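Structural overview for review
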Amino acid sequence: MKREDCEALDRADKLATVRDRFDLPDGVIYLDGNSLGPLPYSVTKRLKEVVEGEWGIDLIRSWNHNDWINLPFVTGEKIAKLIGAAPGQVICTDSTSINLFKLLVTGLGLNAPKTVLLSSHTNFPTDLYMAQGLGGLLGDGRCQLRLVSDSEIESALTDDVAVLFLTHVDFRSGNLHNMQHLTNLAHEQGALVLWDLSHSVGAVPINLDEWQVDLAVGCGYKFLNGGPGAPAFLYVATRHLPQATQPLSGWMGHADPFAFAPEYRPASGIASFASGTPGILGMAALDVALGQWHDINVADVRAKSLSLCRLFYQLVSQEPMLEALCPVGTTLLDQRGSQVCFSHPDAYAIVQALVARQVIGDFRAPDIMRFGIAPLYVRHVDVFDAVRHLCEVVSSEEFKAPAFQNKTAVT
Ligand SMILES: *Cc1c(COP(=O)(O)O)cnc(C)c1O
C-alpha cells in the first residue's frame, strides 16, 4: 500500500468533508479521539452564544426562554438516535461513573431479591470501583460483586445474577463484546444487563431496543466530541420505567421540583433519573457536537473505521522494523471497536516520541500503545503517516531519549 493508494481511498470516502467541521491543529495526526474527541467549530460558536447571550444577557430567564431546563432530554434524544433507542428512554446527565452507580441500584431493585452483580476483571476500572463502593454501602446481603475473566462470563451467568454489567468495547484491548448474544444469555438466566457504551457510542452500530437491552450508560467526551468532562447519558428501557427507581433522588428528578415539597416524589419516566442541576455549558457543547450527526450514518462510520483499522494492521505487519509490536486483543476486525493497540516493552516512551512528532495516541499500563480511530476526521493518509512515524521512532530508537521516559499524571 502506497500513500497514493491512501489518498485515493480518502477521495472516495463518503465522510471526507466531515473532517472540515473540526478545529484540528495543523500538522497533528489525532489518534486519541477515543479518549477526548477534538473540538468541533460549532461548539466554539455555540459556547460563545450560550455564555455571552444566554447566561450573560438572558440570565436566569434562560431556563425557560432558552429551554435550558429541557436540555438533558433534548440532548438525550440526539444520543438515543445513535444507540437505537426510541424516544423517552435516554437522558443526558451526570458522569458515566455516577450513572453507572444509579443504574446498578436500579437493576438490583428491578431484579430483587437477586443480589449478584457480574462483570469482567477487564471492565473499565471506574465501573468496577463504583460497584465496589455500592457493595460496601449495601453489604453482602444485598449486593455481591462477582468478577470473572472475559472467557468465563458465559459460564458465570447463573440464575442468581441480578445484573450483568460490561463495557461494549474494552478500553485496553479494543475487543467488542457481542451485546446481542450476551443480553440474550443473561435474559435466559433471569438476569438484567447494563451496558457501558463509552467506547462504542459514535463508533460502532448499537441497537439497544432491538437487542432488548435493559439498561445502559455512556460517555459524552470520547467519540461524541462533547468536550473534556462532558456530561454522560443513561438509558432505561421503556418496559422497565414504571418500576425503575434510582437512589440519587435529587430535586431535578422530582415530579414537581418547583413545588419545593419536603417529600421526594419521582417524576414519571426517564426524567426521574436526573439528580441535580445540569451543567448547561458542558451540555450545550455536547448538544451542538451531536448536531453533526444529522447527516451521518453510524453504518458508514463503522465501514470507514474498519477500513482504517485494517490499513493500520496491514502497514504494521508489513514493516520488519515493527516486528516487536504485538497486536493486543483480537485481530478479527468485526470483533473489535474503533481502536488499534499493540504491546511493546517501551510502549510508553514510543507513544511520547510519537506525540513529540505530533502523532497523538496514548499509553495504557502496563505496556500498551493505543490508537483511537475516529472516522469523522481520521483519514487513510493519517494512518499511513502515523505508521511511517512509528517506524522511524522505533528504528532510530529516538524513543530512548530521557525526555520520553518520565510518566506524567495523565497517560
Ligand atoms: C471513559 C469511560 C468512563 C468515564 O467515566 P467518567 O465518570 O466520565 O470519568 C467510564 N466507563 C468507561 C467504560 C469509559 O470508557
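Residues numbered from 1 in each chain as written. Predicted model: local features only at pLDDT ≥ 70, side-chain atom pairs only at ≥ 80, totals over all residues. Heavy atoms only, no water.

1. Topic: the site of the ligand
In the vicinity of the ligand, the contacting residues are Ser 95, Thr 96, Ser 97, Phe 124, Thr 126, Asp 127, Thr 167, Asp 196, Ser 198, His 199, Tyr 221 and Lys 222. Asp 127 has a polar side-chain atom sitting 3.0 Å from a nitrogen atom of the ligand. His 199 places a side-chain nitrogen or oxygen 3.2 Å from an oxygen atom of the ligand. Here the ligand loses 87% of its free accessible area of 380 Å² to cover by the protein chains. When residues of the shell around the ligand are traced back to their parent elements, those giving at least two are α5 (96–110) and α6 (125–138). (Near = heavy atom within 4 Å. Polar contact = N/O pair within 3.5 Å; in protein donor to acceptor, adjacent residues only side chain to side chain. Areas by Shrake-Rupley, 256 points an atom, 1.4 Å probe, with all protein chains shown as cover. Helix = DSSP H or I, 4+ residues; strand = E, 2+ residues; numbered from the N terminus.)

2. With respect to the packing of aromatic side chains
Taken as a whole and assessed by the stated rule, the structure comprises eleven aromatic pairs. Through a chain of ring-to-ring contacts, the aromatic side chains of Phe 312, Tyr 313, Phe 342 and Phe 371 assemble into a single cluster. Over the face of the ring belonging to Phe 124 we find Lys 222, whose NZ or CZ atom lies 5.2 Å from the ring centre. Between Lys 407 and the ring centre of Tyr 348, over which it is positioned, the NZ or CZ distance is 5.1 Å. (Phe/Tyr/Trp six-rings, centres within 6.5 Å; stacked < 30°, edge-to-face > 60°. Lys NZ or Arg CZ within 6 Å of the ring centre and 35° of its normal.)

3. Examining the pattern of salt bridges
Evaluated as defined, the whole model comprises 22 salt bridges. Between Glu 54 and Arg 46 there is a salt bridge whose closest N-O contact spans 3.2 Å. Classification of Glu 54 as buried rests on a relative accessible area of 10%. Relative accessible area serves as the criterion here: at 22%, Arg 46 is assigned to the partly exposed category. (Salt bridge = Lys/Arg side-chain N within 4 Å of Asp/Glu carboxyl O. Buried < 20%, exposed > 50% of the residue type's maximum accessible area, 1.4 Å probe, protein only.)

4. Examining the sheet that holds strand β13 (residues 368–372)
On the basis of which strands lie adjacent, the open sheet formed by four strands has the order β9-β10-β13-β12 and antiparallel pairing. One side of each edge strand has no neighbouring strand; the edge strands of this open sheet are β9 (326–327) and β12 (362–364). Pairing of strand β10 (residues 339–343) with β13 involves five bridges; the strand directions are antiparallel. Bridging across to β13, Phe 342 finds its partner in Met 369. On top of the sheet, helix α10 (residues 298–317) reaches β9, β10 and β13; it is set at about 25 degrees to β10, its chief contact. (Pairing = 2+ DSSP bridges. Contact = heavy atoms within 4.5 Å. Axes fitted to C-alpha atoms, helices over the stretch in contact; angles between N-to-C directions.)

5. Thoughts on the pairing of β10
Most of β10 is tucked away, with five of its five residues classed as buried. Side chains of β10 alternate between two faces, with Gln 339, Cys 341 and Ser 343 and Val 340 and Phe 342 buried alike. As paired elements, β9 and β10 share two bridges and run antiparallel to each other. Bridge pairing links Cys 326 to Ser 343 in β10.

6. Topic: the state of the cysteines
Applying the stated criterion to the full structure yields zero disulfides. Residue Cys 6 stays outside any disulfide, its sulfur separated by 14 Å from that of Cys 309, the closest cysteine. Considering cysteine sulfurs only, Cys 341 is the nearest to Cys 309, which forms no disulfide, with 9.2 Å between them. (Disulfide = S-S within 2.5 Å.)

7. Describing the side chain of Arg 364
Along the chain, Arg 364 turns up in strand β12. Non-local contacts of Arg 364, meaning those with residues more than four positions away in its chain, are made with Ser 35, Phe 171, Arg 370 and Thr 411.

8. Digging into helix α2 (residues 41–58)
For α2, with 18 residues, the first-to-last C-alpha span of 24 Å sits near the 26 Å given by 1.5 Å per residue. Along its length, α2 shows its largest kink, about 30 degrees, at Val 50. All of the buried residues in α2 are Val 43, Val 50 and Glu 54. Contacts from the buried residues of α2 go to α3 (62–65) and α9 (280–291). Note on α2: the residue one or two positions beyond its end, Leu 59, has a positive phi of about 50 degrees. (Expected span 1.5 Å × (residues − 1). Bend = angle between axes of the 7 residues up to and from the residue.)

9. With respect to the packing of α5 against α6
For the pair α5 and α6, interaxial distance at closest approach is 9 Å and the crossing angle is 50 degrees. With respect to α6, the axis of α5 lies oblique. In this structure, α5 meets α6 at a crossing whose hand is right-handed. Along its contact with α5, which presents Ser 97, Ile 98, Leu 100, Phe 101, Leu 104, Val 105 and Leu 108, the element α6 presents Thr 126, Asp 127, Met 130, Ala 131, Leu 134, Leu 137 and Leu 138. Here the residues of the contact of α5 with α6 are counted per class, giving eleven nonpolar, two polar and one charged. (Parallel < 35°, antiparallel > 145°, perpendicular 65-115°, else oblique. Left-handed = near helix turned anticlockwise from the far one by under 90°. Nonpolar A, V, L, I, M, F, W, Y, C, P; charged D, E, K, R; others polar.)

10. Brief notes about the pairing of strand β8 (residues 233–236)
Of the two faces of β8, the one carrying Phe 233 and Tyr 235 and the one carrying Leu 234 and Val 236 are both buried. Of the strand pairs in this sheet, strand β2 (residues 90–92) and β8 are connected by three bridges, and their pairing is antiparallel. Following the sheet pairing, Ile 91 is matched in β8 by Leu 234. Relative to β8, strand β7 (residues 215–218) runs antiparallel, the two sharing four bridges. Bridge pairing in β8 links Ala 216 to Tyr 235.

11. Looking at the environment of Ile 98
Note on placement: Ile 98 falls in helix α5. The class for Ile 98 is partly exposed, based on a relative accessible area of 31%. In sequence terms Ile 98 and Met 130 are 32 residues apart; their C-alpha atoms lie 7.9 Å from each other. With residues near it in sequence (within four places) discarded, Ile 98 still touches Met 130 and Leu 248.

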